[in-house]
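Coordinates in review
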Amino acid sequence: MAKTIFEELGGKYERQGDYLIPCIALPTEEEQPIGIWGQRHLHYLKQYRKVIYTNLLTSGRLNAYLADIDKQAQERFERLIEGMKQAQGITERLKEENALEWVQHLNNIRACAREIVNEEIIFA
């Protein structure tokens, strides 16, 4: 019997009853921790970018890609918060004088930074 292209490329079949089923396994990849930003991007890929998700998954690069996205998003988020705090004059002195106002400003800054990161990195 002539070899199929799959067999010529190193693939193997296993017999199950009357059928030959190709032995296919996803490539192993190094496990890296994925934070909240990576999880959000994963959900976005699964829902709206199925081809990209499938290509990353089958090539064995999904985990590394999500870890990189998570790292980029976290760094951007922190830079945005620091920049906005400086631009709006939110200091430790304000925290000492009026903690409630400081919390309000910081929550507003964090919400704005989260939206920017979502638009620029997570949902892009």
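Criteria and cut-off values
- Residues numbered from 1 in each chain as written.
- Predicted model: local features only at pLDDT ≥ 70, side-chain atom pairs only at ≥ 80, totals over all residues.
- Heavy atoms only, no water.
- Pairing = 2+ DSSP bridges.
- Helix = DSSP H or I, 4+ residues; strand = E, 2+ residues; numbered from the N terminus.
- Core = buried A, V, L, I, M, F, W, Y, C linked by side-chain atoms within 4.5 Å.
- Buried < 20%, exposed > 50% of the residue type's maximum accessible area, 1.4 Å probe, protein only.
- pLDDT = per-residue confidence, 0-100.
- Axes fitted to C-alpha atoms, helices over the stretch in contact; angles between N-to-C directions.
- Contact = heavy atoms within 4.5 Å.
- Nonpolar A, V, L, I, M, F, W, Y, C, P; charged D, E, K, R; others polar.

Time to look at the pairing of strand E1 (residues 13–16). With four bridges joining them, E1 and strand E2 (residues 19–22) adopt antiparallel strand pairing. What sits directly across from Gln-16, in E2, is Tyr-19. If you look at the hairpin formed by E1 and E2, you'll find two residues sitting between the two strands, and Gly-17 has a positive phi there, around 70°.

Within the largest apolar cluster, 16 residues are counted, with the highest numbers of intra-cluster contacts made by Trp-37, Ala-73, Phe-77, Val-117 and Ile-122. At the level of secondary structure, the elements contributing two or more residues to this core comprise helix H4 (62–88) and helix H6 (99–122). Tallying contributions element by element places H6 first for this core, with seven residues. If you look at the next biggest cluster of nonpolar residues, it comprises six residues, including Leu-45, Tyr-53, Leu-56 and Leu-62.

Here the protein chain averages 92 in pLDDT, while 98% of its residues score no lower than 70. No element of the protein chain has a lower mean pLDDT than helix H1 (residues 5–8), which averages 79, and none a higher one than helix H2 (residues 36–48), which averages 97.

Running from N to C, H2 and helix H3 (residues 50–59) cross one another at 115°; their axes reach a closest spacing of 6 Å. Residue-level inspection shows Leu-42, Leu-45, Lys-46, Gln-47 and Tyr-48 of H2 in contact with H3, the latter providing Lys-50, Ile-52, Tyr-53 and Leu-56. Residue composition of the contact of H2 with H3, grouped by class: six nonpolar, one polar and two charged.

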